[in-house]
Amino acid sequence: MGLLLPFPTTPTLFRPPSSTVFLPLSRNIFRCSAATLTTPQQQRNELELENKKYELLRVIQDTQRGLVTTPNQRSEIEESLVDLESYAAGDDDEAIIDLGILDGTWRLLYTSASDVLVLLDSSSKLPFFQVGPIFQKFECKGQDDGGYVRNVVRWSIPSLLEENEGATLLVSAKFSVVSRRNIFLEFEEIALQNIIISDELQALIAPALLPRSFFSLQILQAIRTFKAQIPVNSTSPGRRSVGGLYYLSYLDKNMLVGRAVGGGGVFVFSRAQNIL
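The notes below deal with the structure included here.

### What to know about the overall build of the chain
Across its full length, the chain carries 6 helices and 9 strands. By the burial criterion, 42% of the 276 residues in the chain qualify as buried.

### Considerations on the pairing of strand 3 (residues 146–156)
Here strand 3 lies mainly inside the structure; 9 of its 11 residues are buried. As paired elements, strand 2 (residues 130–139) and strand 3 share 8 bridges and run antiparallel to each other. Among the inter-strand pairings, Ile134 is bridged to a residue of strand 3, identified as Val153. Hairpin connection from strand 2 to strand 3: 6 residues lie between these consecutive antiparallel strands, with Gly142 at a positive phi of about 80°. With 10 bridges joining them, strand 3 and strand 4 (residues 167–177) adopt antiparallel strand pairing.

### Digging into the environment of Glu139
By secondary structure assignment, the location of Glu139 is in strand 2. Glu139 sits 35 residues away from Gly104 along the chain, and the two C-alpha atoms are 6.4 Å apart. Setting aside anything within four residues of it in sequence, one finds Glu139 in contact with Asp103, Gly147, Tyr148 and Arg150. There is a polar contact of 2.9 Å between the side chain of Glu139 and the side chain of Arg150.

### Quick notes on helix 1 (residues 40–60)
Between its first and last C-alpha, helix 1 extends 31 Å over 21 residues, near the 30 Å set by a 1.5 Å rise per residue. Every buried residue of helix 1 is listed here: Leu47, Leu49, Glu50, Lys52, Lys53, Tyr54, Leu56, Leu57, Val59 and Ile60.

### Some thoughts on the packing of aromatic side chains
Summed over the entire model, instances satisfying the criterion amount to 4 aromatic pairs. Look at Tyr246 and Phe267: their rings are 6.1 Å apart centre to centre, the planes differ by 85°, and that puts the pair in the edge-to-face class. Remark: Phe267 occurs in strand 9 (residues 265–272) and Tyr246 occurs in strand 7 (residues 243–251); sequence separation between them is 21 residues. Residues Tyr246 and Phe267 agree in their burial class; the two are buried. Ring geometry for Phe267 versus Phe269: centroids 6.3 Å apart, planes at 15°, classification stacked. Classification of Phe267 as buried rests on a relative accessible area of 1%. Taken together through their ring pairs, the aromatic side chains of Tyr246, Phe267 and Phe269 make up a single cluster.

What counts, and where the lines are drawn
Numbers given for residues are sequential positions, taken from 1 along each chain in its written order. Local features are withheld for residues below a pLDDT of 70 in this predicted model, meaning they are given only at 70 or higher, and side-chain atom pairs are given and counted only at 80 or more; totals for whole chains, interfaces and linings count all residues. Think of the side-chain values as coming from all heavy atoms in the structure, minus any hydrogens and water. Strands are runs of DSSP state E lasting at least 2 residues, helices are runs of H or I lasting at least 4, and numbering of each runs from the N terminus. Relative accessibility thresholds used throughout: buried, under 20% of the residue-type maximum; exposed, over 50%; partly exposed, between the two (1.4 Å probe, protein chains only). What makes two strands pair is DSSP finding at least two bridges between them. It only takes one pair of heavy atoms within 4.5 Å for two residues to be counted as in contact. As used in this structure description, the phrase polar contact means that two N or O atoms lie within 3.5 Å; if the pair is within protein, one of them must be able to donate a hydrogen and the other to accept it, and residues adjacent in sequence are counted only when both atoms belong to side chains. By this rule, a helix spans an expected 1.5 Å times one less than how many residues it contains. Centres within 6.5 Å are what make two rings of Phe, Tyr or Trp a pair, Trp counting through its six-membered ring; a difference in plane orientation under 30 degrees is then read as stacked, over 60 as edge-to-face, and the rest as tilted.

Pasting the structure below:
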């Protein structure tokens, strides 16, 4: 997916006990309790599904969001993805996207998309550029045919901006549901906002031990409120904006897997706290 843009944490893995499954994310967000299941078959199905999610998280955990992978790792990741997608589709092949579950903020764990990997690669090689957490924020609660999605990239310039989250790149798009698991994205705007300068730069502009002048305070305020916006939607009548198909191959309350149709890459997300 064009224009789809967390630093990875390395959770401690452990093999879940047979009665309850815990996946390697904070707060045990992928927990399946037998007490919530009504039949033994449902319990077995849920445990099998959770184990497949656990396996996917295991194989992507040391890849730095997809930046560092070997051919064998990529093959193993794809196998785990297909295994999860196939199992979930087998449960209800006619199920459509639940926009109520999709609504909210999702944090990127892994991708094979070249436009995202080039950012991560630049961050790993350039001392003056850092890429922090990357999110997708869907706004579609109460809708049944579409909504809005915002791709959020937190980045920074060391010593000038706050580490990892000194600025925010925001790519906004409108989406519509075109089939039971496909959505079409129409990108509308790219914005740069939420600039947070480092303590060192702030001290240089307005030293704490000296009276802050009106001019220095105005500079700080201008930096904090700065926002640059570039529209990317088409203004020609009858012509569709820049966009593309996005296939949501797996979705539940805590995990989202999407594939950009046309070879744009795969994306694995986990549920995150709301941002913006």
